[in-house]
2 protein chains.
Amino acid sequence: MTPNLDSQITERLALDGLRFTRGRREVVEALLASDGPMSANELSDVLGDGVPLSSIYRSLAILTDAHILTVHLATKGLARYELSEWLVGHHHHLVCTECGSVEDIHVSASHEERLREVVDAVASVASFIPSSHALEIDGRCAQCQ
Amino acid sequence: MTPNLDSQITERLALDGLRFTRGRREVVEALLASDGPMSANELSDVLGDGVPLSSIYRSLAILTDAHILTVHLATKGLARYELSEWLVGHHHHLVCTECGSVEDIHVSASHEERLREVVDAVASVASFIPSSHALEIDGRCAQCQ
DNA sequence: CCTATAATGATAATGGTTATCGTTATTGAA
DNA sequence: TTCAATAACGATAACCATTATCATTATAGG
Ligand SMILES: [Mn+2]
Ligand SMILES: [Mn+2]
Ligand SMILES: [Zn+2]
Ligand SMILES: [Zn+2]
């Protein structure tokens, strides 16, 4: 983890009187190393017995409350988490309908600009004030073809 | 329910040797009357005691398996269902982060064309074969401002 | 009418997630 | 360096949306 990211998270937690402890750090580092959002169980597999599942769940809840993590819902009955966009940048997701994998995808500035135009136009018609958007693409990933 | 829609669903179910029974019809009609996807409990509130919750759950599973309904996941731990796009047309969703409501939103053909361009460009880079896409806009709905 | 199969409804079981509670660690003040 | 006050932890129980079970009922074809 870069010193800058570390201090961003440490300072954000401190705003709520919370500490960036080893368990929380391990969760963040596993997510940072992943190419897509991870569930509590997937994190548990990676982190092993050093971090009990109950602590993983609590860390995910606390880090999400502090806006350090964002929850992603693509599989029913299962929540996956990732670093929030203010920490790792705006991106979208490719969701494989075959194997269930979720892959991060970055969109070029010009394409992102087009997306934002559509979002603004659509939202204004409905008197809706958009705070964020997500383009989710379902289909078959490279492995599942 | 229009006779055309009714026969489309009836014929689709018949392909799997299934019938379009009263309980399933009531679920479909409630979803048709809604301006957004509904959960099993929300359907139960609307349908009352005439359709037991266990039957609602089973109808949702069967209709989804038959591609008549599509599941929508925006609230964690809660699945909402809507008529599939081949029956009611392609559209997107406005998700209110305040009250949790999900509202259908239709996008103009020109905007939809732009979306498709972005989807195709992004997917091809990742060797991903897109089957569908969804633009989900989070923010505050008209009621929550 | 009869039989095979689909559908139903009440209920039990499942599983991801959350709450509880006693223990331990950390912080900051005395 | 004590000594509270509070945060964090870990094991476990509880919760709740969803799914499976199973006995009963309805329906379609022969
Ligand atoms: Mn992501
Ligand atoms: Mn919809
Ligand atoms: Zn795949
Ligand atoms: Zn709202």
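Just above, that's the structure.
The structure displayed is predicted, hence computed values, not measured ones. (Residues numbered from 1 in each chain as written. Chains lettered and ligands numbered in written order. Predicted model: local features only at pLDDT ≥ 70, side-chain atom pairs only at ≥ 80, totals over all residues. Heavy atoms only, no water.)

Visitor: Can you tell me about the overall build of chain A, naming the residues and giving the values?
Guide: Looking only at helices and strands, chain A features 6 helices and 6 strands. When the helices and strands of chain A are placed in sequence order, the string is α-α-β-α-α-β-β-α-β-β-α-β. The buried share of chain A, taken over its 145 residues, is 43%. The long-range fraction of contacts in chain A, counting pairs at least 24 apart against all pairs at least 6 apart in sequence, stands at 49%. Carbon together with sulfur atoms contributes 51% to the accessible area of chain A, which is approximately 7400 Å² in total. (Helix = DSSP H or I, 4+ residues; strand = E, 2+ residues; numbered from the N terminus. Buried < 20%, exposed > 50% of the residue type's maximum accessible area, 1.4 Å probe, protein only. Contact = heavy atoms within 4.5 Å. Areas by Shrake-Rupley, 256 points an atom, 1.4 Å probe, with all protein chains shown as cover.)

Visitor: Lay out the environment of Glu103 of chain B with the relevant residues and their values.
Guide: Residues and elements named next belong to chain B. Inspection of the secondary structure puts Glu103 in strand 5 (residues 102–105). Linking Glu103 and Gly36, residues 67 residues apart in sequence, is a C-alpha distance of 4.8 Å. Ignoring any residue separated from it by four or fewer positions in sequence, one finds Glu103 in contact with Asp35, His92, His93 and Leu94.

Visitor: Can you tell me about the protein's contact with DNA strand D, naming the residues and giving the values?
Guide: Around DNA strand D lies a shell of 17 residues, among which Arg19, Arg24 and Arg58 of chain A together with Tyr57 and Ala79 of chain B are the nearest. Put simply, 72% of the atoms of DNA strand D that lie within 4 Å of the protein are in sugar or phosphate. The separation between a base nitrogen of DNA strand D and a polar side-chain atom of Ser54 of chain A is 3.3 Å. One of the backbone nitrogen or oxygen atoms of Gly77 of chain B is found 3.2 Å away from a sugar or linking oxygen of DNA strand D. Those elements that provide at least two residues to the surface near DNA strand D are helix 2 (22–33) and helix 4 (53–65) of chain A together with helix 4 (53–65) and strand 3 (78–83) of chain B. (Near = heavy atom within 4 Å. Polar contact = N/O pair within 3.5 Å; in protein donor to acceptor, adjacent residues only side chain to side chain.)

Visitor: Summarise unusual backbone geometry; cite the residues concerned and give the values.
Guide: Notably, Ser127 of chain A is not glycine yet its phi reads approximately 55°, a positive angle. Examined against the element boundaries, Ser127 of chain A turns out to sit in the loop between helix 6 (109–125) and strand 6 (129–140). A positive phi angle is found at His67 of chain B, which is not glycine, with a value near 65°. Among the structural elements, His67 of chain B can be located in the loop between helix 4 and strand 2 (69–75).

Visitor: Could you give me a rundown of the relation of the copies chain A and chain B, with the residues and numbers involved?
Guide: Taken as rigid bodies, chain A and chain B are interconverted by a rotation of 180° and an axial shift of 0.0 Å, the fit giving an RMSD of 0.0 Å. Accordingly, the operation relating the two chain copies is best matched by a two-fold axis. The C-alpha atom lying nearest the rotation axis in chain A is that of Leu135 of chain A; the distance is 2.3 Å. (Least-squares fit on C-alpha atoms with pLDDT ≥ 70 in both.)

Visitor: So, the sheet that holds strand 4 (residues 92–96) of chain B: which residues are in play, and what are the values?
Guide: Two modes of strand pairing occur in sheets, parallel and antiparallel, and in both the strands are linked by backbone hydrogen bonds. Spatial strand order, 5(A)-4(A)-6(A)-6(B)-4(B)-5(B): 6 strands in an open sheet with mixed pairing. Every other strand in the sheet has two partners, leaving strand 5 (102–105) of chain A together with strand 5 of chain B as the edge strands with one partner each. The mean inter-strand angle of the sheet, taken between neighbouring strand axes irrespective of direction, is 25°. Taken together, the 11 bridges between strand 6 of chain A and strand 6 (residues 129–140) of chain B define a ladder with antiparallel strand orientation. Its bridge partner being in strand 6 of chain B, Glu136 of chain A is matched across the sheet by Ala134 of chain B. On top of the sheet, helix 6 of chain A reaches strand 4 (92–96) and strand 6 of chain A together with strand 4, strand 5 and strand 6 of chain B; it is set at about 120° to strand 6 of chain A, its chief contact. Here helix 6 (residues 109–125) of chain B sits on the sheet and contacts strand 4, strand 5 and strand 6 of chain A together with strand 4 and strand 6 of chain B; the angle it forms with strand 6 of chain B, its principal contact strand, is near 120°. (Pairing = 2+ DSSP bridges. Axes fitted to C-alpha atoms, helices over the stretch in contact; angles between N-to-C directions.)

Function cannot be read off these values alone, since they describe shape.
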